[in-house]
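Geometric and topological summary
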Amino acid sequence: MKITAIETIRLPERPNLLLAQVHTDEGLIGLGETSRGAQAVEAQLHELVGPYLLGKNPLEIAKHSKQLMSTYLGFSASSVEIRAASVIDIALWDIFGQALNQPIHTALGGMSRERIRAYNTCAGYNYNTRNTARRSMRVGDKAPASEGPYDDQIAFVHHAGELAQSLLEEGFSGMKIWPFDPYAEDNGGTFISARDLDLALEPWRKIRDAVGDRIEIMAEFHSLWNLQQAKQIAKALAPYRPYWSEDPIRMCDVDSLKEYARSTSIPVCASETLGGLYPFRDMLANQAADIVMLDVGWCGGLTEARKIAALAEAWQRPVAPHDCNGPVVWVASIHLMAHIPNALIMEAVRAYYSTWYKDILTDLPQVRDGYIHPLNGPGLGTRLLPDLKTRPDVQVRRSALH
(Lines give C-alpha, C1' and ligand atoms only; values in the text may rest on other atoms or scores of the structure.)
Protein backbone atom coordinates (compact mmCIF):
# COMPACT_ATOMS: atom_id res chain seq x y z
CA MET A 1 0.00 0.00 0.00
CA LYS A 2 1.22 3.49 -0.86
CA ILE A 3 0.19 7.01 0.06
CA THR A 4 -0.95 8.74 -3.11
CA ALA A 5 -2.25 12.10 -1.93
CA ILE A 6 -2.67 14.44 1.01
CA GLU A 7 -5.65 16.77 1.11
CA THR A 8 -6.29 19.60 3.54
CA ILE A 9 -9.73 21.04 4.18
CA ARG A 10 -10.46 24.42 5.77
CA LEU A 11 -13.95 25.60 6.70
CA PRO A 12 -14.62 29.35 6.63
CA GLU A 13 -16.86 29.20 9.69
CA ARG A 14 -14.12 27.36 11.69
CA PRO A 15 -10.89 29.18 10.72
CA ASN A 16 -8.90 27.64 13.59
CA LEU A 17 -9.63 24.11 12.37
CA LEU A 18 -7.60 22.10 9.84
CA LEU A 19 -8.90 18.78 8.56
CA ALA A 20 -6.78 16.46 6.42
CA GLN A 21 -7.23 13.27 4.43
CA VAL A 22 -4.43 10.85 3.51
CA HIS A 23 -5.29 8.82 0.38
CA THR A 24 -3.85 5.43 -0.57
CA ASP A 25 -3.63 3.36 -3.75
CA GLU A 26 -5.91 0.74 -2.17
CA GLY A 27 -8.75 3.21 -1.69
CA LEU A 28 -8.37 3.63 2.06
CA ILE A 29 -8.56 7.24 3.25
CA GLY A 30 -7.30 8.32 6.66
CA LEU A 31 -8.73 11.34 8.45
CA GLY A 32 -6.73 13.72 10.66
CA GLU A 33 -7.14 17.11 12.32
CA THR A 34 -5.44 19.84 14.28
CA SER A 35 -6.28 23.42 15.22
CA ARG A 36 -4.78 26.88 15.62
CA GLY A 37 -2.73 28.41 12.82
CA ALA A 38 -4.54 26.30 10.24
CA GLN A 39 -2.95 27.96 7.20
CA ALA A 40 0.56 27.58 8.62
CA VAL A 41 0.02 23.87 9.34
CA GLU A 42 -1.48 23.45 5.89
CA ALA A 43 1.68 24.90 4.35
CA GLN A 44 3.86 22.58 6.44
CA LEU A 45 1.86 19.57 5.28
CA HIS A 46 2.06 20.37 1.58
CA GLU A 47 5.54 21.87 1.36
CA LEU A 48 7.52 19.64 3.75
CA VAL A 49 5.50 16.63 4.92
CA GLY A 50 4.04 15.75 1.54
CA PRO A 51 7.38 15.34 -0.28
CA TYR A 52 8.50 12.92 2.44
CA LEU A 53 5.26 10.96 2.82
CA LEU A 54 3.94 10.55 -0.72
CA GLY A 55 4.74 7.09 -2.05
CA LYS A 56 5.43 5.67 1.41
CA ASN A 57 3.65 2.75 3.11
CA PRO A 58 1.01 4.24 5.44
CA LEU A 59 1.20 1.26 7.80
CA GLU A 60 4.75 2.11 8.88
CA ILE A 61 3.38 4.48 11.48
CA ALA A 62 6.26 4.36 13.99
CA LYS A 63 8.79 5.10 11.23
CA HIS A 64 6.82 8.09 9.95
CA SER A 65 6.20 9.39 13.46
CA LYS A 66 9.92 9.31 14.22
CA GLN A 67 10.69 11.17 11.00
CA LEU A 68 8.04 13.86 11.41
CA MET A 69 8.66 14.39 15.14
CA SER A 70 12.43 14.72 14.65
CA THR A 71 12.21 18.15 13.07
CA TYR A 72 15.22 20.46 13.06
CA LEU A 73 12.96 23.23 14.33
CA GLY A 74 9.78 23.06 16.37
CA PHE A 75 10.33 19.91 18.41
CA SER A 76 9.33 19.67 22.11
CA ALA A 77 6.48 22.13 21.65
CA SER A 78 3.04 22.23 20.06
CA SER A 79 4.62 23.93 17.05
CA VAL A 80 3.45 23.99 13.44
CA GLU A 81 5.82 21.08 12.78
CA ILE A 82 4.43 18.95 15.62
CA ARG A 83 0.83 19.80 14.81
CA ALA A 84 1.43 18.72 11.19
CA ALA A 85 2.93 15.47 12.48
CA SER A 86 -0.15 15.03 14.67
CA VAL A 87 -2.56 15.41 11.75
CA ILE A 88 -0.72 12.76 9.75
CA ASP A 89 -0.34 10.35 12.64
CA ILE A 90 -4.07 10.37 13.41
CA ALA A 91 -4.83 9.76 9.74
CA LEU A 92 -2.33 6.87 9.53
CA TRP A 93 -3.87 5.18 12.56
CA ASP A 94 -7.24 5.60 10.86
CA ILE A 95 -5.88 3.82 7.78
CA PHE A 96 -4.30 1.11 9.93
CA GLY A 97 -7.60 0.41 11.67
CA GLN A 98 -9.43 0.30 8.36
CA ALA A 99 -6.84 -2.12 6.95
CA LEU A 100 -7.40 -4.41 9.96
CA ASN A 101 -11.18 -3.80 9.88
CA GLN A 102 -10.87 -2.89 13.57
CA PRO A 103 -11.39 0.32 15.58
CA ILE A 104 -8.29 2.24 16.64
CA HIS A 105 -8.72 1.27 20.28
CA THR A 106 -8.36 -2.39 19.23
CA ALA A 107 -5.44 -1.61 16.91
CA LEU A 108 -3.67 0.11 19.82
CA GLY A 109 -3.88 -3.12 21.82
CA GLY A 110 -7.45 -3.42 22.99
CA MET A 111 -9.83 -1.74 25.39
CA SER A 112 -9.23 -1.18 29.08
CA ARG A 113 -12.80 0.09 29.51
CA GLU A 114 -16.00 0.28 27.51
CA ARG A 115 -16.86 3.85 28.49
CA ILE A 116 -14.99 6.91 29.73
CA ARG A 117 -16.10 9.37 32.40
CA ALA A 118 -16.64 12.85 30.95
CA TYR A 119 -16.60 16.41 32.19
CA ASN A 120 -18.09 19.39 30.42
CA THR A 121 -15.91 22.33 29.48
CA CYS A 122 -18.27 25.25 29.85
CA ALA A 123 -17.65 26.92 26.50
CA GLY A 124 -20.07 28.54 24.10
CA TYR A 125 -20.89 27.32 20.62
CA ASN A 126 -18.11 29.27 18.87
CA TYR A 127 -15.54 29.43 21.66
CA ASN A 128 -12.05 28.57 20.37
CA THR A 129 -13.32 27.91 16.86
CA ARG A 130 -13.08 31.43 15.47
CA ASN A 131 -10.36 34.03 15.73
CA THR A 132 -11.85 35.39 18.96
CA ALA A 133 -12.23 33.15 22.01
CA ARG A 134 -14.75 35.34 23.91
CA ARG A 135 -12.88 34.91 27.17
CA SER A 136 -13.50 38.37 28.54
CA MET A 137 -16.91 37.98 30.16
CA ARG A 138 -16.78 39.29 33.71
CA VAL A 139 -18.89 38.57 36.72
CA GLY A 140 -21.16 41.54 37.29
CA ASP A 141 -21.26 42.69 33.67
CA LYS A 142 -24.46 42.44 31.66
CA ALA A 143 -24.84 38.98 30.14
CA PRO A 144 -24.74 38.85 26.32
CA ALA A 145 -27.56 37.17 24.45
CA SER A 146 -27.32 33.38 24.52
CA GLU A 147 -26.98 31.51 21.23
CA GLY A 148 -28.75 28.40 22.53
CA PRO A 149 -29.40 26.18 25.56
CA TYR A 150 -25.74 25.15 25.88
CA ASP A 151 -24.07 28.57 25.78
CA ASP A 152 -22.22 27.48 28.89
CA GLN A 153 -19.59 30.22 29.06
CA ILE A 154 -22.30 32.80 29.58
CA ALA A 155 -23.90 30.44 32.07
CA PHE A 156 -20.83 29.86 34.24
CA VAL A 157 -20.18 33.59 34.51
CA HIS A 158 -23.77 34.64 35.18
CA HIS A 159 -25.79 31.57 36.26
CA ALA A 160 -23.23 29.12 37.62
CA GLY A 161 -25.53 27.38 40.08
CA GLU A 162 -28.20 26.67 37.47
CA LEU A 163 -25.50 25.46 35.05
CA ALA A 164 -24.14 22.99 37.59
CA GLN A 165 -27.64 21.66 38.19
CA SER A 166 -28.20 21.27 34.44
CA LEU A 167 -24.98 19.30 34.06
CA LEU A 168 -25.84 17.01 36.96
CA GLU A 169 -29.21 16.32 35.37
CA GLU A 170 -27.38 15.14 32.23
CA GLY A 171 -25.14 12.89 34.33
CA PHE A 172 -21.92 14.92 34.23
CA SER A 173 -19.72 14.60 37.29
CA GLY A 174 -17.40 17.48 36.41
CA MET A 175 -17.31 20.93 34.83
CA LYS A 176 -14.48 23.30 33.85
CA ILE A 177 -14.61 27.10 34.18
CA TRP A 178 -12.17 30.06 33.81
CA PRO A 179 -13.57 33.17 35.54
CA PHE A 180 -10.09 34.56 36.32
CA ASP A 181 -9.07 35.08 32.66
CA PRO A 182 -10.45 38.62 32.11
CA TYR A 183 -8.40 39.97 35.00
CA ALA A 184 -5.20 38.44 33.62
CA GLU A 185 -5.90 40.13 30.31
CA ASP A 186 -6.04 43.51 32.05
CA ASN A 187 -2.33 43.55 32.88
CA GLY A 188 -0.61 40.48 31.49
CA GLY A 189 -1.25 38.25 34.49
CA THR A 190 0.91 40.30 36.84
CA PHE A 191 -1.77 41.45 39.29
CA ILE A 192 -5.31 40.73 40.46
CA SER A 193 -6.89 43.01 43.06
CA ALA A 194 -8.68 41.68 46.13
CA ARG A 195 -11.97 42.97 44.72
CA ASP A 196 -11.50 41.30 41.34
CA LEU A 197 -10.40 38.05 42.95
CA ASP A 198 -13.57 38.03 45.04
CA LEU A 199 -15.68 38.69 41.94
CA ALA A 200 -14.00 35.83 40.07
CA LEU A 201 -14.77 33.48 42.96
CA GLU A 202 -18.50 34.19 42.70
CA PRO A 203 -19.21 31.29 40.25
CA TRP A 204 -17.47 28.90 42.64
CA ARG A 205 -19.65 30.08 45.52
CA LYS A 206 -22.80 29.74 43.44
CA ILE A 207 -21.92 26.20 42.34
CA ARG A 208 -21.13 24.99 45.85
CA ASP A 209 -24.24 26.70 47.26
CA ALA A 210 -26.44 25.12 44.58
CA VAL A 211 -25.14 21.55 44.39
CA GLY A 212 -22.55 21.19 47.13
CA ASP A 213 -19.89 18.60 46.31
CA ARG A 214 -22.05 16.64 43.89
CA ILE A 215 -19.99 17.97 40.97
CA GLU A 216 -16.25 18.39 40.51
CA ILE A 217 -15.04 21.80 39.31
CA MET A 218 -11.89 22.12 37.22
CA ALA A 219 -10.10 25.48 37.35
CA GLU A 220 -8.64 26.57 34.01
CA PHE A 221 -5.88 29.20 34.22
CA HIS A 222 -4.84 29.16 30.53
CA SER A 223 -1.19 29.84 31.51
CA LEU A 224 -2.07 33.52 31.89
CA TRP A 225 -0.60 34.22 35.34
CA ASN A 226 2.86 34.71 36.76
CA LEU A 227 3.92 32.45 39.61
CA GLN A 228 3.11 34.78 42.50
CA GLN A 229 -0.38 35.59 41.26
CA ALA A 230 -1.15 31.95 40.44
CA LYS A 231 -0.23 31.03 44.01
CA GLN A 232 -2.43 33.82 45.38
CA ILE A 233 -5.41 32.68 43.29
CA ALA A 234 -4.89 29.05 44.32
CA LYS A 235 -4.88 30.03 48.00
CA ALA A 236 -8.21 31.83 47.62
CA LEU A 237 -9.63 29.00 45.50
CA ALA A 238 -8.67 26.09 47.75
CA PRO A 239 -11.72 26.29 50.09
CA TYR A 240 -13.97 25.56 47.08
CA ARG A 241 -12.18 22.22 46.54
CA PRO A 242 -11.26 22.37 42.83
CA TYR A 243 -10.65 19.03 41.14
CA TRP A 244 -7.52 20.49 39.56
CA SER A 245 -5.82 23.73 38.55
CA GLU A 246 -4.93 23.55 34.88
CA ASP A 247 -1.90 25.26 33.34
CA PRO A 248 -1.56 27.83 36.14
CA ILE A 249 1.60 29.39 34.63
CA ARG A 250 3.58 29.12 31.41
CA MET A 251 4.39 25.45 30.89
CA CYS A 252 7.94 26.14 29.66
CA ASP A 253 9.16 26.62 33.25
CA VAL A 254 9.28 23.29 35.10
CA ASP A 255 10.98 24.71 38.20
CA SER A 256 8.29 27.35 38.73
CA LEU A 257 5.54 24.82 38.07
CA LYS A 258 7.08 22.58 40.73
CA GLU A 259 7.14 25.53 43.15
CA TYR A 260 3.50 26.25 42.41
CA ALA A 261 2.55 22.59 42.95
CA ARG A 262 4.31 22.56 46.34
CA SER A 263 2.45 25.69 47.41
CA THR A 264 -1.10 24.40 47.04
CA SER A 265 -3.27 21.44 47.95
CA ILE A 266 -5.05 21.68 44.57
CA PRO A 267 -3.83 18.99 42.12
CA VAL A 268 -1.96 20.39 39.10
CA CYS A 269 -3.07 19.37 35.61
CA ALA A 270 -0.61 19.99 32.73
CA SER A 271 -0.37 20.49 29.81
CA GLU A 272 -2.17 20.62 26.49
CA THR A 273 0.45 23.12 25.27
CA LEU A 274 3.37 20.65 25.35
CA GLY A 275 4.46 18.75 22.25
CA GLY A 276 6.32 15.46 22.12
CA LEU A 277 7.47 13.09 24.83
CA TYR A 278 10.39 14.99 26.34
CA PRO A 279 8.66 17.99 27.99
CA PHE A 280 6.33 15.53 29.74
CA ARG A 281 9.36 13.53 30.88
CA ASP A 282 10.87 16.64 32.45
CA MET A 283 7.60 17.66 34.09
CA LEU A 284 7.06 14.20 35.58
CA ALA A 285 10.67 13.74 36.67
CA ASN A 286 10.36 16.99 38.62
CA GLN A 287 7.00 15.90 40.07
CA ALA A 288 5.53 19.18 38.89
CA ALA A 289 2.12 17.80 37.84
CA ASP A 290 -0.42 15.42 39.34
CA ILE A 291 -2.53 14.85 36.21
CA VAL A 292 -1.16 14.65 32.67
CA MET A 293 -3.15 16.53 30.06
CA LEU A 294 -2.11 16.05 26.44
CA ASP A 295 -3.75 17.06 23.19
CA VAL A 296 -3.66 14.35 20.52
CA GLY A 297 -3.80 17.02 17.80
CA TRP A 298 -0.92 19.03 19.28
CA CYS A 299 1.46 16.55 20.95
CA GLY A 300 2.35 14.38 17.95
CA GLY A 301 -0.76 12.29 17.41
CA LEU A 302 -1.77 8.94 18.84
CA THR A 303 1.73 7.46 18.58
CA GLU A 304 3.26 10.11 20.79
CA ALA A 305 0.19 10.32 23.05
CA ARG A 306 0.46 6.62 23.84
CA LYS A 307 4.12 7.07 24.80
CA ILE A 308 3.23 10.02 27.04
CA ALA A 309 0.45 8.00 28.67
CA ALA A 310 2.87 5.14 29.33
CA LEU A 311 5.36 7.57 30.83
CA ALA A 312 2.63 8.98 33.05
CA GLU A 313 1.71 5.47 34.14
CA ALA A 314 5.34 4.83 35.17
CA TRP A 315 5.09 7.92 37.40
CA GLN A 316 1.68 6.77 38.70
CA ARG A 317 -0.10 9.71 37.13
CA PRO A 318 -3.49 9.58 35.35
CA VAL A 319 -4.19 11.03 31.90
CA ALA A 320 -6.99 13.46 31.00
CA PRO A 321 -6.73 14.56 27.33
CA HIS A 322 -7.55 18.06 26.20
CA ASP A 323 -10.12 18.61 23.52
CA CYS A 324 -11.86 21.91 23.13
CA ASN A 325 -11.25 22.06 19.40
CA GLY A 326 -12.59 19.79 16.65
CA PRO A 327 -14.44 16.49 16.36
CA VAL A 328 -11.71 14.31 14.82
CA VAL A 329 -9.22 14.85 17.65
CA TRP A 330 -12.07 14.26 20.10
CA VAL A 331 -12.88 10.90 18.49
CA ALA A 332 -9.18 9.92 18.39
CA SER A 333 -8.72 10.90 22.05
CA ILE A 334 -11.65 8.73 23.07
CA HIS A 335 -10.06 5.74 21.31
CA LEU A 336 -6.87 6.44 23.28
CA MET A 337 -8.78 6.69 26.55
CA ALA A 338 -10.61 3.43 25.90
CA HIS A 339 -7.20 1.77 25.52
CA ILE A 340 -4.81 3.19 28.14
CA PRO A 341 -4.97 1.79 31.68
CA ASN A 342 -4.43 5.14 33.43
CA ALA A 343 -7.31 7.07 31.84
CA LEU A 344 -8.93 9.48 34.30
CA ILE A 345 -11.58 11.58 32.59
CA MET A 346 -12.28 12.95 29.10
CA GLU A 347 -13.04 16.53 28.15
CA ALA A 348 -16.27 17.17 26.25
CA VAL A 349 -18.06 20.34 25.16
CA ARG A 350 -21.77 19.77 24.90
CA ALA A 351 -22.13 23.00 22.94
CA TYR A 352 -19.90 21.40 20.27
CA TYR A 353 -20.98 17.77 19.99
CA SER A 354 -24.67 18.71 20.07
CA THR A 355 -24.28 21.14 17.14
CA TRP A 356 -21.40 21.81 14.74
CA TYR A 357 -19.52 18.53 15.20
CA LYS A 358 -22.50 16.98 13.42
CA ASP A 359 -21.87 19.27 10.43
CA ILE A 360 -18.46 17.66 9.84
CA LEU A 361 -18.56 13.94 10.68
CA THR A 362 -20.92 11.09 9.82
CA ASP A 363 -20.72 9.52 13.31
CA LEU A 364 -19.91 10.78 16.80
CA PRO A 365 -19.37 8.97 20.10
CA GLN A 366 -22.40 8.84 22.33
CA VAL A 367 -22.32 10.88 25.53
CA ARG A 368 -24.76 9.27 27.91
CA ASP A 369 -25.26 9.72 31.66
CA GLY A 370 -21.91 11.46 32.02
CA TYR A 371 -19.91 8.83 30.10
CA ILE A 372 -18.55 8.72 26.55
CA HIS A 373 -18.85 5.51 24.54
CA PRO A 374 -16.14 5.06 21.87
CA LEU A 375 -16.98 4.35 18.26
CA ASN A 376 -16.47 0.74 17.16
CA GLY A 377 -16.27 1.05 13.38
CA PRO A 378 -12.97 0.45 11.51
CA GLY A 379 -10.29 3.05 12.18
CA LEU A 380 -11.73 6.19 13.72
CA GLY A 381 -15.19 4.81 13.03
CA THR A 382 -16.29 8.02 11.34
CA ARG A 383 -15.80 9.89 8.06
CA LEU A 384 -16.24 13.38 6.73
CA LEU A 385 -19.78 14.07 5.60
CA PRO A 386 -19.88 13.21 1.88
CA ASP A 387 -20.83 16.68 0.68
CA LEU A 388 -18.47 18.64 2.96
CA LYS A 389 -15.67 19.09 0.41
CA THR A 390 -18.11 20.01 -2.36
CA ARG A 391 -19.32 23.12 -0.60
CA PRO A 392 -18.29 26.17 -2.67
CA ASP A 393 -16.90 28.01 0.35
CA VAL A 394 -14.71 25.14 1.60
CA GLN A 395 -10.99 25.40 0.73
CA VAL A 396 -9.38 22.14 -0.36
CA ARG A 397 -5.67 21.84 -1.21
CA ARG A 398 -4.17 18.65 -2.59
CA SER A 399 -0.65 17.26 -3.00
CA ALA A 400 -0.38 14.01 -4.97
CA LEU A 401 2.05 11.61 -6.60
CA HIS A 402 2.66 12.55 -10.21
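The paragraphs below set out a description of the structure included in this document. (Residues numbered from 1 in each chain as written. Predicted model: local features only at pLDDT ≥ 70, side-chain atom pairs only at ≥ 80, totals over all residues. Heavy atoms only, no water.)

Let us now look at the overall build of the chain. Each helix and strand counted, the chain has 15 helices and 13 strands in total. The globule rule puts the C-alpha radius of gyration for 402 residues at 21 Å, and the 21 Å found for the chain is close to it. In terms of principal-axis extent, the alpha carbons of the chain reach across some 65 × 45 × 40 Å. Counting across all 402 residues of the chain, residues that qualify as buried make up 59%. Of the contacts formed within the chain by residues at least 6 apart in sequence, a portion of 72% connects residues at least 24 apart. (Helix = DSSP H or I, 4+ residues; strand = E, 2+ residues; numbered from the N terminus. Rg over C-alpha atoms; globule rule 2.2 N^0.38 Å. Buried < 20%, exposed > 50% of the residue type's maximum accessible area, 1.4 Å probe, protein only. Contact = heavy atoms within 4.5 Å.)

Looking now at unusual backbone geometry. Cis geometry is found at the peptide bond from A270 to S271, where omega equals -20°. Position of S271 among the secondary structure elements: in the loop between β8 (268-270) and α12 (277-285). The backbone of R36 shows a phi angle near 75°, a positive value even though the residue is not glycine. Turning to its location among the elements, R36 is positioned in the loop between β3 (29-35) and α1 (38-53). A relative accessible area of 34% means that R36 is categorised as partly exposed. In the Ramachandran plot, N101 falls in the positive-phi region, its phi being about 60° despite a non-glycine side chain. One can find N101 in the loop between α3 (80-100) and α4 (104-107). The exposed category is assigned to N101, whose relative accessible area is 56%.

Our next topic: the environment of D152. Considering the arrangement of structural elements, one finds D152 in helix α5 (residues 152-158). Here D152 falls in the buried class, since its relative accessible area comes to 2%. Separated by 12 residues in the primary sequence, D152 and A164 have C-alpha atoms spaced 10.0 Å apart. Once residues within four sequence positions are removed from consideration, D152 is found in contact with N120, C122, A123, G124, L163 and R350. Engagement of the side chain of D152 in a polar contact is seen with the side chain of N120, the distance being 3.1 Å. (Polar contact = N/O pair within 3.5 Å; in protein donor to acceptor, adjacent residues only side chain to side chain.)

Attention shifts here to the packing of aromatic side chains. How two aromatic rings sit relative to each other is given by the distance of their centres and the angle of their planes. In the structure shown here, the tally under the stated rule is 11 aromatic pairs. Their ring planes at 75° and their centres at 5.7 Å tell us that W93 and F96 sit as a pair that is edge-to-face. Remark: F96 and W93 occur in helix α3; sequence separation between them is three residues, near one turn of the helix. Owing to a relative accessible area of 23%, F96 belongs among the partly exposed residues under this scheme. Aromatic side chains W356 and Y357 sit 4.9 Å apart centroid to centroid with 85° between the ring planes, which places their arrangement in the edge-to-face category. With respect to class, W356 is no different from Y357; both count as buried. Clustering of aromatic rings is evident, with ring pairs tying together W330, Y352, Y353, W356 and Y357. If you follow K56 out to its NZ or CZ, it ends over the ring of Y52, 4.4 Å from the centre. Looking at R115, its charged tip hangs above the ring of Y371, at a distance of 3.6 Å from the centre. (Phe/Tyr/Trp six-rings, centres within 6.5 Å; stacked < 30°, edge-to-face > 60°. Lys NZ or Arg CZ within 6 Å of the ring centre and 35° of its normal.)

Further remarks concern α1. The α-helix winds at 3.6 residues per turn, so residues separated by three or four positions along the chain end up facing the same way. Taking 1.5 Å per residue, 16 residues should reach 22 Å; α1 reaches only 20 Å between its end C-alpha atoms and comes up short. The sharpest bend along α1 measures roughly 35° and falls at L45. Among the residues of α1, those classed as buried are A38, V41, E42, Q44, L45, H46, V49, G50, Y52 and L53. Looking one or two residues past α1, G55 carries a phi angle of roughly 90°, positive in sign. (Expected span 1.5 Å × (residues − 1). Bend = angle between axes of the 7 residues up to and from the residue.)

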